[in-house]
Amino acid sequence: MSAKATSLKSGPPAWLQALPFGAVFAFFFIAPLLLIGAVSFWPTSDYELIPGFTGQNYVSIFEGCSNLAEPCVTLKTYWSTLRFSLLTWAAALLIGFTIAYFLAFHVRSPGMQTLLFVICTIPFWTSNVIRMISWVPLLGRNGLVNQGLMGLGLVDKPVDWLLFSEFSVVLAFVHLYTMFMLVPIFNSMMRIDRSLLEAADDCGASGWQTLWNVIVPLSRTGILIGSIFVITIVMGDFVTVGVMGGQQIASVGKVIQVQTSYLQFPLAAANAVVLLAVVLMIIVALTRLVNLRKEL
């Protein structure tokens, strides 16, 4: 037995090595979640937190949802949030996959790949709020887009739905979070053996057939990871919805933020638990499509 193997065998056990990381994980992740779950069962008070146990907070969330003819406020809010997530996911997947495909298969120089990839990250050098506000002078009633449309004679008056609307919210989401889709897809594409593409070409496959039957299946891990990032972030976002929606569009994250601002912490915690459950169900459904442990 080599000296290296003996050294590894005589070292501390694996569970002891993992203990510091497990303690950090438990303190900063597990404990806050358990605290939120506990507070969600506390009685709601306007002025103070009173420890106790009640299910009234969850009852309040789903109040009126038994009426199938008219969806309750909670279901409408979750549907609005889910719609934002799906639209953002579709746009981010299309843009992210296209850019990743170009960088991975059409840019031959590693240096140029790195340069173009860094250029894609430039928007992340500023805060999300700054990037959102930058859309206001473009999409406002007197913004550059409306001025251009009226200058070309395409419209007679400013278009109102460009800003402070669902369109502007989705546009900002795509702008902010497409990079979370691009990076894992690009990483998956760079791992693809180029000889597989040459084999597909030798077999007479067209570019679209190679893309659909070779590149897309081998990029599914990156697509799944990017999808989880984008969907989960959008589901909990409230800043973008508030700024780009003009404080007029509801989302689950916005509801929780408003409840905390009014010191309704138990009700906000109950909403957070429900949101977490919905997001976990989405993640479980996505991970059923790809075995991440096997693929990674």
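Cut-off values and rules
- Residues numbered from 1 in each chain as written.
- Predicted model: local features only at pLDDT ≥ 70, side-chain atom pairs only at ≥ 80, totals over all residues.
- Heavy atoms only, no water.
- Phe/Tyr/Trp six-rings, centres within 6.5 Å; stacked < 30°, edge-to-face > 60°.
- Helix = DSSP H or I, 4+ residues; strand = E, 2+ residues; numbered from the N terminus.
- Buried < 20%, exposed > 50% of the residue type's maximum accessible area, 1.4 Å probe, protein only.
- Lys NZ or Arg CZ within 6 Å of the ring centre and 35° of its normal.
- Patch = residues over 30% accessible without salt bridge, like charges linked within 9 Å, V, L, I, M, F, W, Y side chains within 5 Å.
- Areas by Shrake-Rupley, 256 points an atom, 1.4 Å probe, with all protein chains shown as cover.
- Salt bridge = Lys/Arg side-chain N within 4 Å of Asp/Glu carboxyl O.
- Axes fitted to C-alpha atoms, helices over the stretch in contact; angles between N-to-C directions.
- Parallel < 35°, antiparallel > 145°, perpendicular 65-115°, else oblique.
- Left-handed = near helix turned anticlockwise from the far one by under 90°.
- Contact = heavy atoms within 4.5 Å.
- Nonpolar A, V, L, I, M, F, W, Y, C, P; charged D, E, K, R; others polar.

**Re the packing of aromatic side chains**
Under the counting rule described, the total for this entry stands at 11 aromatic pairs. Taking 6.0 Å as the distance between ring centres and 55 degrees as the angle between the ring planes, the aromatic pair formed by Tyr177 and Phe180 counts as tilted. Taken as a pair, Tyr177 and Phe180 lie in helix H9 (residues 166–190) at a separation of three residues, close to a single helical turn. According to the relative accessible area criterion, Phe180 is partly exposed, its value standing at 29%. A connected cluster of aromatic rings, assembled from ring pairs, spans Phe84, Phe173, Tyr177, Phe180 and Phe229. Its guanidinium or amino end placed over the ring of Phe84, Arg83 lies 5.9 Å from that ring's centre, counting from NZ or CZ.

**Considerations on a nonpolar patch on the surface**
There is a patch of nonpolar side chains on the surface, built from Phe25, Phe29, Ile30, Leu33, Leu34, Ile36, Leu276 and Leu280 and spanning about 690 Å² of accessible area. Of all the secondary structure elements, the ones that give two or more residues to the nonpolar patch are helix H2 (14–39) and helix H15 (265–287). A per-element tally of the nonpolar patch places H2 first, with six residues. Tracing the chain through its elements places Leu33 in helix H2.

**Side note on the packing of H2 against H15**
The relative placement of two packed helices is expressed as an angle between their axes plus a distance between the axes. At a minimum axis separation of 7 Å, H2 and H15 run at an interaxial angle of 120 degrees. When the axis of H2 is compared with that of H15, the two are oblique. The element H2 and its partner H15 pack so that their crossing is left-handed. Of the residues in H15, those touching H2 at Leu33, Ile36, Gly37 and Val39 are Phe265, Pro266, Ala269, Ala272, Val273 and Leu276. Along the lines of polarity and charge, the residues of the contact of H2 with H15 split into nine nonpolar, one polar and no charged.

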